[in-house]
Each structure stands twice: as structure tokens, then as C-alpha cells.
Amino acid sequence: MNGEGAAVRALYYATAAGDGLAVTASQWLGRDPETGQARALRPCRALPMDRLVEITAEPRLYGFHGTLKAPDRAAPTAPPSAICSTRSAGFAAGRRAPSRCRALRTRLSCRASCALVPAARRAELQDLADRCVVEFDEFRQPADEAELARRRAAGLSPRQDELLVRWGYPYVLEQWRFHLTLTGRLARRRRTVGDCGDCCASAFARLHRPAVGGAAISASSVSPRRAGPSSCWRASGSAADGG
């Protein structure tokens, strides 16, 4: 794309196609990320259908995923396809998917959205995210003053501000938390949040112990003028069944 500096790219952790978690998530969000095709939302007793459509609209746009390297803009000196280069493919091909996280739970995040998170932190996931941030940093355009101000308006700790200046995003390295987003931002009304949380928990309880495993690293190139990401490369790893 030209005006390519406007291109926004990210690295994601995606569940394997056909995995029980992937299927349930595509039913929850109403979109199959593998094909981009819409799916009928599964009804939830706790919420009317129009409300369910509303709260899943934002994550539906991108499909079910966990962010490893947050979206950033290409450096002026980097070609728009840099993140899809041989080096990117080699990075993915040289890494197995982290071993299976046997239990996920629904959680309300600090930005008042529901997500699936591991019941316990996993060093392998943390290492993968750290490497994504560090090894692809050269392709990133440094944040300008407007971006820094926008991020700081959220109220950052001194360490988060340090990370923002160095890596362009405050929630990286030890500040990063793996999560698989299920809803957009929710109104901060107790009943609304509670009903949405109950609905999420009910939808994924069908898996008994939803787990992350058999996943893939995906690179996406997103234009602000286009709805949704396009996968540049995707490298799968066969996950061992860990605890």
C-alpha cells in the first residue's frame, strides 16, 4: 500500500484451525478468522441478541487472537512488506508453539472488557512475546509526541513510561499479560458487566477446560482505511501437552 507509513502491523498468537477453542470463539464472535466469513452468533440467555452483537463488534473485526506485539507503524526506511519478509517467516518457523495451557478463565480487564486469560502465567508465552517485541523493533516507526501523550493520558507507571519510550508501547516485557479478547469495552454498570461476564463464562464453559495450545504465530498488516487484518504469514507448532 502506498502512503505505506500508514500501514499498521502486529504479531498475534492464534489458535489452530479446527481446535475446540477456535470453533467456540468463532461462534462467540460471529466470524471465522481463517476464512473471514461471518458466522451466526450463539444466543446467550443473559443478553439480548442486539447487545451481544454490540459487545462483540470490536473483537469480531480482527478475529480471535492474543496480541504478542501490539500494532505499530512501519519505520519510513522499512519496506511495507518487511514484517512479512524471509526473516519473519524464519522467526516463526524456528519456534514451536508454547506448551498447552490447560486452563483458561474469563476475566474483566482494566479496560472493562472480557477476555480469556491463563489460570497461571507461562514462561514460554512470556518469552515468545518478549522476542516478538525485541526482534522486530527495527521495523517500527518511533512514537511521536502525540502518540506518547495519548498513551500517557491513561496514567502510566514510571516503568510503563520507560517501556513506552523505548519500545513504543507501555505494556510489553514484564508488563505484558497474555489475553484473548472476547468483548469490546463494556459500560461500567455492575449489571451490564456481570451479565456480559456470565455470558462469556457460559459460552466457553462448554469446553470444560478451555486451553491454549497447537497454536500459530500470525503477522497481520492492517490499514486504518480497511476493516480487518490480512495474514502475511502463519507458522504452526505442535504443542506438547503441558500442565
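Conventions and cut-offs
- Numbering of residues begins from 1 in every chain and follows the order in which that chain's sequence is written.
- In view of the model being predicted, local features appear only for residues whose pLDDT reaches at least 70, and side-chain atom pairs are presented and counted only at 80 or more, with totals across whole chains, interfaces and linings using the full set of residues.
- Excluded from the side-chain calculation are hydrogens and water; included are all heavy atoms of the structure.
- A run of H or I in DSSP becomes a helix once it reaches four residues, and a run of E becomes a strand once it reaches two; helices and strands are each numbered from the N terminus.
- The buried label goes to any residue with under 20% of its type's maximum accessible area, the exposed label to any with over 50%, and the partly exposed label to all in between, with areas taken from a 1.4 Å probe on protein chains only.
- Residues count as neighbours in contact if any of their non-hydrogen atoms are within 4.5 Å of one another.
- Only the protein chains shown count as cover for residues, and the accessible areas themselves come from Shrake-Rupley with a 1.4 Å probe.
- Helix span, as expected, comes to 1.5 Å for every residue beyond the first.
- The arc in question is the one spanned by the directions pointing from the helix axis to the C-beta atoms.
- The rule for a disulfide is simple: a pair of cysteine sulfur atoms within 2.5 Å.

**Some remarks on the overall build of the chain**
Then step 1. Counting secondary structure elements, the chain contains 8 helices and 7 strands.
Then step 2. Evaluated residue by residue, the chain yields a buried proportion of 47% over its 243 residues.
Then step 3. Look at the contacts in the chain between residues 6 or more apart in sequence, and 73% of them connect residues 24 or more apart.
Then step 4. Here the chain displays about 12200 Å² of accessible surface, and carbon together with sulfur accounts for 52% of that area.

**Remarks on helix α5 (residues 123-135)**
Then step 1. The end-to-end C-alpha distance of α5, which contains 13 residues, comes to 18 Å, matching closely the 18 Å that a straight helix rising 1.5 Å per residue would cover.
Then step 2. Restricting attention to buried positions, one finds in α5 the residues L125, Q126, L128, A129, C132 and V133. What you see down the axis of α5 is that its buried residues fit within an arc of 165°, all on one side.

**Concerning the environment of A22**
Then step 1. Inspection of the secondary structure puts A22 in helix α1 (residues 20-29).
Then step 2. For the pair A22 and D32, spaced 10 residues apart in sequence, the C-alpha separation works out to 8.6 Å.
Then step 3. When near neighbours in sequence (up to four residues on either side) are disregarded, A22 contacts T15 and A16.

**Looking at the state of the cysteines**
Then step 1. A complete count under the given rule lists 1 disulfide for this structure.
Then step 2. With its sulfur 1.9 Å from that of its partner, C44 forms a disulfide with C199. With C44 in the loop between α1 and α2 (49-55) and C199 in helix α8 (residues 190-205), the pair connects residues that are 155 residues apart, well separated along the chain.
Then step 3. The thiol of C200 is unpaired, and the distance to the nearest cysteine sulfur, on C114, comes to 4.1 Å.

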